[in-house]
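# Structure assessment
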Amino acid sequence: MASITLKGNAIHTSGTLPEVGDTAPNFELVNTDLSTTKLSDYKGTRVILNVFPSVDTGICAASVRAFNKEASNLSNTKVLCISRDLPFAQDRFCGAEGLKNVINHSDFKTGEFGKNYGLDIIDGPLQGLHSRAVIVVDEQGEIIYKEQVPEIVQEPDYSAALKALS
């Protein structure tokens, strides 16, 4: 269990992130067109998992915008934005913002992703959503960077995540 905060108040996750060097657990998520995708669909590609509680909050939206800006400059890399938002909300947000360099995936259907990555918030006002985290996976499916953001209203360390790709 990870202890994080929401505006200084302690809340907890269902587990801890997998370790750097571990094989990233596979998952099945729902795309904005309601089809499904798995991490294994991205084999041979580097993947940034940008995980957050809801795209309808300021910091979450900022992380999607920031990674969208960087994604166009990254070779052989996909940025997956993952939350428990409904796929319709994810699609609406990116469409309204003109964000085309990130891929939205929802864990609303099974919650498998949040469980396998230890990211489900288990108490407090955001219970049932995912905590904010960034995980970078290399072409072979190995985790090469992870960050469990300690304060929900804090942005992730974009520079450190991107540096892991160099």
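What you see is a predicted model; the values in this text were computed from it and never measured.

### Quick word on the packing of aromatic side chains
Each aromatic ring pair is summarised here by two numbers: the centre-to-centre distance and the angle between the ring planes. Under the counting rule described, the total for this entry stands at three aromatic pairs. Residues F27 and F113 carry aromatic rings whose centres are separated by 5.1 Å and whose planes lie at 90° to one another, so their mutual orientation is edge-to-face. Taken together, the positions of F27 in the loop between β2 (9-12) and β3 (28-31) and F113 in helix α3 (residues 112-116) put the pair 86 residues apart, joining distant regions of the chain. The class of F27 is buried, set by a relative accessible area of 1%. An angle of 25° between the planes, with centres 4.5 Å apart, marks the rings of F113 and Y117 as stacked. Here the two residues F113 and Y117 agree in accessibility, since each one is buried.

### Concerning the pairing of β3
In terms of strand pairing, β3 meets strand β4 (residues 36-38) through three bridges, oriented antiparallel. If you follow L29 over to β4, its bridge partner there is T37. Here β3 hands over to β4 after four residues, with L34 in that stretch at a positive phi of 75°. The sheet contact formed by β3 and strand β7 (residues 103-106) spans two bridges and is antiparallel. Bridging across to β7, N31 finds its partner in H105.

### What about the environment of N26?
Looking at the secondary structure, you find N26 in the loop between β2 and β3. Given the relative accessible area of 35%, N26 is considered partly exposed. Taking C-alpha positions, N26 is 16 Å from K146, a pair spaced 120 residues apart along the chain. Those residues in contact with N26 that lie beyond four places of it in its chain are K38, L39, S40, E112 and N116.

### With respect to the nonpolar core
If you look at the biggest cluster of nonpolar residues, it comprises 18 residues, and the most contacted ones within it are F27, L49, I82, F113 and Y117. Of all the secondary structure elements, the ones that give two or more residues to this core are β5 (46-51), β6 (77-83) and β8 (133-137). Here F27 is in contact with T37, K38, L39, L49, L80, I82, E112, F113 and Y117, once residues within four sequence places are set aside. Of all hydrophobic cores here, the second largest spans 17 residues; its members include I48, V55, V64 and V134.

Here is what the cut-offs are and how they apply
- Numbering of residues begins from 1 in every chain and follows the order in which that chain's sequence is written.
- Owing to the predicted nature of the model, reporting of local features is limited to residues with pLDDT of at least 70; listing and counting of side-chain atom pairs is limited to 80 or more, with chain, interface and lining totals taken over all residues.
- No hydrogens and no water enter the side-chain calculation; it runs on all heavy atoms of the structure.
- Think of it this way: a Phe, Tyr or Trp ring, Trp meaning its six-membered ring, pairs with another when their centres are within 6.5 Å, and the plane angle makes it stacked under 30 degrees, edge-to-face over 60, tilted otherwise.
- Numbered from the N terminus, helices here are DSSP runs of H or I no shorter than four residues, and strands are runs of E no shorter than two.
- With a 1.4 Å probe rolled over the protein chains alone, any residue whose accessible area is under 20% of its type maximum counts as buried; one over 50% counts as exposed, and the rest are partly exposed.
- When DSSP finds at least two bridges between two strands, those strands are taken to pair.
- What makes two residues a contact is simply this: any of their non-hydrogen atoms within 4.5 Å.
- Here, nonpolar core refers to any group of buried Ala, Val, Leu, Ile, Met, Phe, Trp, Tyr and Cys residues whose side-chain atoms link them within 4.5 Å.

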